[in-house]
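Descriptive analysis of the structure
Next come the chains, spelled out residue by residue.
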Amino acid sequence: MEELANINWGLIAPLLVVQAILMIVALIDLARIHATNGPKWLWALIILFISLFGPVVYFIAGRKTT
Amino acid sequence: MITVSNLTKTFGTQTVVSNVSFTLEPNTATALIGPNGAGKTTTLSMLTGLLAPTSGSIEIAGVKDIRREIGFLPQYPQFYPWLTALEFTEMAAKLSGVPGPAAKKEAERVLAFVGLEEAMKKKTATFSGGMKQRLGMAQAIVHKPKLLLLDEPVSALDPVGRREIMNLLKELQQQTTILYSTHILNDAEEMTDQLLFLRKGELVESGSLTEVRAKFEAPRYRIEFVTQEDALQFTSQSQLSATAAGSTVYVEIVEERPKMQQLLERLAASKFAVTKVERVTASLEEIFMKVAGQ
Amino acid sequence: MNNFLTLFTKEFREAWRSLKFVWMPLLFIVLGIMDPLTNYFMEDILGAVGNLPEGFMLTMPELHPIDILSASTSQFQSIGLVVLVATMASAISRERQNGMATLLYVRPISFTALFMSKWAVASLLGIISGVAGYAGSLYYTVLLYGSVEAGAFIKMLGTYCLWILLVMAVTLACSAMFNTAVAMTFAILLLPVGLMIDSIIGSFWSLSPWKLSAYGLQFISGKTSEYYTETLFLTVILIIAAVLLGILYAKRNAATAKI
């Protein structure tokens with residue numbers, strides 16, 4: 001574990017921050033949208049637990065557009 | 001005046017609309033009536049220009065591009081859920097040729113007219129069925145079209161919504177020509193200068209409500225007895241072409257026979273207890289059944 | 001022109017309000033910074049989780065800026081492209097299928113304006129995302145692997161933007177021609193899958209739109225491919241063809257809009 005502690009977290013931070021923003025944006029949109037394809041709670045789980053692709057799949061397939 | 005001549009549409013070997021011709025006078029309302037599958041929507045689609053006719057023509061006197069002069073409300077209008085009612089109506093106005101600055105004003109005006117003043121800044125995703133129908137009406141009239149086409153405008157609405165839309169239509173009739181399809185005959189009876197009956201793609205009957213009524217009028221007497229037994233007994237004894245329905249009996253009138261006088265005398269001489277005798281004419285419903293069953 | 005501006009506003013509002021201009025660039029940024037970072041930490045990662053035998057010597061190849069930018073490009077061209085195509089493949093077909101288009105098509109609109117407005121917004125989205133992704137990749141590349149010449153980078157980026165214009169024209173043409181499911185299948189077969197096939201068996205030819213971004217990348221190592229100009233020219237011709245086809249079919253299929 002020592003090696004991990006030595007990693008330069010300053011370098012990785014932006015990657016984590018961008019992914020977090022993506023997740024938050026998806027969650028805010030999920031909360032505000034009138035309806036989704038499939039249950040909302042399921043999308044919330046997908047967004048929260050599948051990093052990067054969870055929010056992306058939500059934006060492509062989750063938002064109801066009619 | 002709008003002239004439709006020999007309008008025909010075939011899909012493959014199937015003829016959906018066959019040789020339909022009619023004219024629409026300015027500021028009149030015409031009801032396009034027919035059972036489901038009679039070709040009402042297809043006829044309207046061709047009038048909007050969305051569907052090209054296989055043959056035949058549609059002309060509005062003095063107008064080159066008829067799409068500019070047409071407003072259309074489909075049976076189930078669908079809106080972009082991310083636009084507000086005002087944004088959508090404004091876009092519709094602009095696309096129909098209303099210049100930019102006037103488009104927004106016109107959009108606000110028609111939205112107020114259809115009763116969406118409060119909701120015009122709301123996204124259409126949140127709209128109820130009745131609100132969508134009213135927005136559909138607004139987008140159809142925002143560019144002041146010469147011809148307003150409506151596909152089953154009130155069929156999907158509750159009685160209150162239906163009342164509201166019918167009132168709007170009556171007001172619009174003062175300034176524009178209206179053609180609407182319906183299978184609900186009460187609506188047609190309420191607001192119509194001309195009736196067009198479609199059956200299997202053919203125009204089988206047309207004319208004003210009075211004309212069509214006169215043509216299909218089946219005058220008869222309606223006698224209400226107190227008991228069902230009396231009604232049945234009268235029917236079997238009378239030697240008239242009578243039919244009983246519960247305690248009511250209908251007596252057909254053929255060449256003005258029997259006369260009311262004769263009928264009353266016969267009833268008076270009998271022991272039957274009668275509450276009501278009247279001469280009735282066919283309702284639109286019955287005319288419709290007759291035309292549809294030809 | 002008026003038609004175009006009105007329809008462009010509508011399309012832009014759609015993309016903006018559905019947050020496409022937010023999440024798509026964010027996705028490309030993640031894809032762009034993933035490779036420079038993972039390559040940089042590869043040794044640490046292997047050391048930490050690999051349980052390598054004692055005395056095992058790991059020789060990592062020395063990576064140059066062009067290797068990293070190539071790696072990021074292949075991320076954009078696979079995952080990024082599939083997402084972009086899947087998002088836009090329904091742009092024309094969906095409106096027809098659910099009846100929203102009916103209220104527009106009955107008006108005297110120009111189908112050229114209709115197609116162009118959608119193409120403009122889709123391209124803008126693709127270009128902003130591509131630029132954001134490359135900016136992220138470039139930042140880490142310069143930080144960790146060495147400098148990149150600005151002029152070369154801009155040429156490469158411009159070439160990629162032209163590719164995006166083609167991608168969007170083809171995707172929307174498919175959407176104009178078919179229903180959403182078929183359009184998406186065709187666009188994914190033509191674009192990301194086409195790229196893959198071209199990279200496997202493409203050594204037999206040198207002129208192909210799928211090679212455009214690879215030729216663009218060569219600017220970074222200071223070279224200009226001898227086929228670059230011809231490929232660029234071919235791409236422009238294909239863009240024009242796709243746009244014309246799209247306009248033609250948008251108009252022809254207008255009658256299939258649900259009433």
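Residue indices begin from 1 for each chain and proceed along its sequence in written order. The naming scheme follows written order: chains are lettered A onward, ligands numbered 1 onward. Selection of residues for local features in this predicted model requires a pLDDT of at least 70, selection of side-chain atom pairs for listing and counting requires 80 or more, and totals for whole chains, interfaces and linings are taken over all residues. The side-chain figures draw on all heavy atoms in the structure; neither hydrogens nor water molecules are used.

In the annotation of an unreviewed UniProt entry, chain C is listed under the name ABC transporter permease and assigned to Lysinibacillus odysseyi 34hs-1 = NBRC 100172.

If you look chain A up in an unreviewed UniProt entry, it shows as Negative regulatory protein YxlE from Lysinibacillus odysseyi 34hs-1 = NBRC 100172. UniProt positions are given in the numbering used here, feature names are shortened, and annotations may be inferred rather than shown by experiment. The UniProt entry for chain A carries this comment under Subcellular location (unreviewed entry): "Cell membrane".

The next thing to look at is the overall build of chain A. Under the DSSP-based scheme used, a helix requires at least four consecutive residues in state H or I and a strand at least two consecutive residues in state E, with every element numbered from the N terminus. Tallying secondary structure elements over chain A gives four helices and zero strands in all. Burial classification: accessible surface area is computed with a 1.4 Å probe over protein chains only, and a residue below 20% of its type maximum counts as buried, one above 50% as exposed, and the rest as partly exposed. Expressed as a percentage of its 66 residues, the buried residues of chain A come to 36%. Expressed as a percentage of contacts within chain A between residues at least 6 apart in sequence, the contacts between residues at least 24 apart total 57%. When the accessible surface of chain A is totalled, it reaches about 3800 Å², and 71% of it is carbon and sulfur. Should any heavy atoms of two residues lie within 4.5 Å, those residues are counted as being in contact. For every accessible area listed, the method is Shrake-Rupley and the probe measures 1.4 Å; residues are considered covered only by the protein chains on display.

Time to look at unusual backbone geometry. Positive phi, close to 55 degrees, is recorded for Asn19 of chain B, a residue that is not glycine. Mapped onto the elements of the fold, Asn19 of chain B is located in strand β2 (residues 14-24).

On to the interface of chain C and chain A. Facing the 26 residues of chain C at the interface are 22 residues of chain A. Buried area between chain C and chain A, summed over both chains or domains, comes out near 2000 Å², and the portion from carbon and sulfur atoms is 85%. The salt bridge definition used is simple: a Lys or Arg side-chain nitrogen within 4 Å of an Asp or Glu carboxyl oxygen. Where chain C meets chain A, there are zero salt bridges. Any pair of nitrogen or oxygen atoms within 3.5 Å is treated as a polar contact; in protein, a donor-acceptor pairing is required on top of that, and neighbouring residues in sequence qualify only through side-chain atoms on both sides. At the junction of chain C and chain A, the tally comes to one residue pair in polar contact (both at pLDDT 80 or more). Per-element tally for the side of chain C that touches chain A: the top contributor is helix α2 (residues 20-49) of chain C, with 14 residues. As a working rule, the residues Ala, Val, Leu, Ile, Met, Phe, Trp, Tyr, Cys and Pro are called nonpolar, Asp, Glu, Lys and Arg charged, and the rest polar, with Gly in that last group. When the residues that make up the side of chain C that touches chain A are grouped by side-chain class, the tally is 19 nonpolar, four polar and three charged. Buried area counts how much accessible surface, traced with a 1.4 Å probe, disappears from two parts once they are put together, with both parts' losses summed.

All names here are of chain C. According to UniProt, the "transmembrane region" (unreviewed entry) feature falls on residues 21-42, 75-92, 113-140, 152-174, 186-207 and 227-250. Helix makes up 78% of residues 75-92 and strand 0%, whereas the separation of the span's terminal C-alpha atoms amounts to 27 Å. Split by type, residues 113-140 is 100% helix and 0% strand. Its first and last C-alpha atoms lie 41 Å apart.

With 171 residues, the main nonpolar core has Leu169, Leu179, Leu195 and Phe197 of chain B together with Tyr105 and Trp163 of chain C as its most contacted residues. All domain edges in this entry derive from an automatic or database-based domain assignment. Mapped onto the domain boundaries, this core takes at least three residues apiece from domain 1 (2-215) and domain 2 (218-292) of chain B. Ignoring any residue separated from it by four or fewer positions in sequence, one finds Leu179 of chain B in contact with Phe22, Leu24, Thr30, Leu32, Leu44, Leu47, Leu147, Leu148, Leu149, Leu150 and Leu196 of chain B. As used here, the term nonpolar core means buried Ala, Val, Leu, Ile, Met, Phe, Trp, Tyr and Cys residues forming a set that is joined through side-chain atoms within 4.5 Å. One finds Ala231, Ile253, Leu267 and Phe272 of chain B within the second-largest nonpolar core, a separate group that totals 12 residues.

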